[in-house]
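Each chain, letter by letter, is given below.
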Amino acid sequence: MRAVVLREFGPPDRLTIGEVPDPRPGAGQVTVRVAAAGVQFLETQVRSGAMRGALGGAALPVVLGKEVAGTVAEVGPGGDPALVGSLVLGSTAGTGGYAETAAVPADSLIPIPAGLDPHDAVALYRYGATAQGLVCAARVAPGDRVLVLAAGGAVGTVLVQLLKRLGATVVGAARGERKLDLVAGLGADHVVDYSQPGWADQVRAAAGGSVEVVFDHVGGTLGRQAFELLTPGSGRQVVFGFSSGAPLEVRPVELVGRGLTLSGFSTGPVWSRPAQARELVTEVLDLATAGELTPVIGQRFPLERAADAHAAVEARDTVGKTLLLP
C-alpha cells in the first residue's frame, strides 16, 4: 500500500511517498481503510527531530499519523466481525496514520454519525475533544469575557463556537485578515490581529477592560501579554501548548498578588480514559450532525504532498484542520 515514510529527521521534504506492507490487525486491533488522516502540529515537531521522543522508541523509517477516519476493513483475532464495514474514527498507537490503511486499537473506535462526512468528523475528532475539555477545565460561565489565542487554528475554531453556545463574550486573536474573517464568521464578538502592535489594547477596549478567561496555545511573549489582560480576583489562564516555541513565564507571586489562576491542560489524561474521551468526541460530533457546530477544514493534501502539508502547518499558514487524503 501507499504511505508517507519518514526515513530521517529533518525538514518537511524528509516525508516521501512509498510502498509499505499492508498492516494486519493483531489481537485487540482493527485495520481501517483511511478516508482522511489528520495532521497534528506535534507531528511536524516529531518529523523535525525536536520531539522524536514522542515516537516512543519506534525506529526509523516510520509512518507518522495518529488520527484517522475511514471504514473498518479487518478485525484482529477474537475481534467482533460486525465491525467490518463500519465508518469510524480511530487513533493509532502514534504511527501509521499517513497511509491507505492503518491499524488502530479496537477500543479507540468511535462511530461516525450518519450524515456526517468522514473529513468533517476527523477534523473535529481529537481537537474537538480538546476544545470541549478546555471549556470544562476553565469553568466558563455565561457572560464571561474570553480571549482565545490562535483562534483560527484547529482547536481555536471549535473553541470559539463552543464558547458562543455557552453565552460567553468571545475575543478571537489570530494573525492576518484571512484568519480574522474566519473567526468572525464563526461567531466571535470581536477579533484582533495579535501580530500587530497594540493588539492587547484592542482586546482591553473590546472586552471592557479585562477578560475572565484566556485560552493559550501560544505561550511566550503573546501568552504573557494575554496574562496581563486577566481580571484581578477571577481571571484564569489555561495553557495547552507553546506553538511560539517558548513557554509562558509567570511567577507564583504574581498569581497570589492578583488573585489569578494559571493551569495547564493536556489531552494525555483524557485519552488515557477512553470513556471520557468518547464522551467528549461524541458531544462534538452530535453538535456538528445537528448543524450547531461547523467543522473547519482549511487544507486538504493528497498523501504525495505530505511535505507541503507539514510546511504549511509549520509556517502558521493554515486555518482550521489540515488533512491528508489517500
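These lines cover the structure that appears in this document, whether it is placed above or below. Predicted model, so just to flag it, every value in this text is computed and none were measured.

## Here we look at the side chain of D216
- Looking at the element boundaries, D216 is found in strand 11 (residues 213-216).
- Buried charge D216 goes without a salt bridge, the closest partner of opposite sign being R224 at 10.0 Å.
- Residues in contact with D216, not counting those within four places in the same chain, are L149, G223, Q237, V238, V239, F240, G241 and L248.

## Focus: helix 6 (residues 220-227)
- Residues of helix 6 that are buried: G220, L222, G223, A226 and F227. Buried residues of helix 6 fall within an arc of 145° about the axis and therefore sit on the same side.
- The inward-facing, buried residues of helix 6 abut strand 8 (145-149), helix 5 (199-207), strand 11, strand 12 (236-239) and helix 7 (252-258).

## What about the packing of aromatic side chains?
- One pass over the structure, following the stated rule, counts two aromatic pairs.
- Between the aromatic rings of Y125 and W271, the centroid separation amounts to 5.5 Å while the plane-to-plane angle is 85°, which identifies the pairing as edge-to-face. In this pair, Y125 sits in helix 2 (residues 118-137) while W271 sits in helix 8 (residues 268-271), placing the two residues 146 residues apart along the sequence.
- Arranged with centres 6.3 Å apart and planes meeting at 80°, the rings of Y194 and W199 form a pair that is edge-to-face. Each member of the pair Y194 and W199 is classed as buried.
- Sitting above the plane of the W271 ring, R126 keeps its charged end 4.0 Å from the centroid.
- Taking the ring centre of F227 as reference, the NZ or CZ of R258 above it sits at 5.1 Å.

The rules behind the values
- Along each chain, the written sequence defines residue order, and numbers are assigned to residues from 1.
- Per-residue local features of the predicted model are confined to residues with pLDDT of at least 70, and side-chain atom pairs are confined, for both listing and counting, to 80 or more; whole-chain, interface and lining totals are unaffected and use all residues.
- Computation of side-chain values: all heavy atoms of the structure, hydrogens and water removed.
- Each helix is a run of H or I in the DSSP string that is no shorter than four residues. Each strand is a run of E no shorter than two, and both are numbered from the N terminus.
- Each residue gets one of three labels from its accessible area relative to the maximum for its type: buried under 20%, exposed over 50%, partly exposed in between, using a 1.4 Å probe on protein chains only.
- In this charge count, Lys and Arg are treated as positive and Asp and Glu as negative; neither His nor the chain ends contribute.
- Basic side-chain nitrogens of Lys or Arg form a salt bridge, by our definition, when they fall within 4 Å of a carboxyl oxygen of Asp or Glu.
- Any two residues having at least one pair of non-hydrogen atoms within 4.5 Å are treated as being in contact.
- An arc is given here, and it is the one of the directions from the helix axis to the C-beta atoms.
- Ring pairs are drawn from Phe, Tyr and Trp, using the six-membered ring of Trp, whenever the two centres fall within 6.5 Å, and their geometry is named by plane angle: stacked under 30 degrees, edge-to-face over 60, tilted for the rest.
- The rule for a charge over a ring is simple: NZ of Lys or CZ of Arg within 6 Å of the ring centre, and within 35 degrees of the ring normal.

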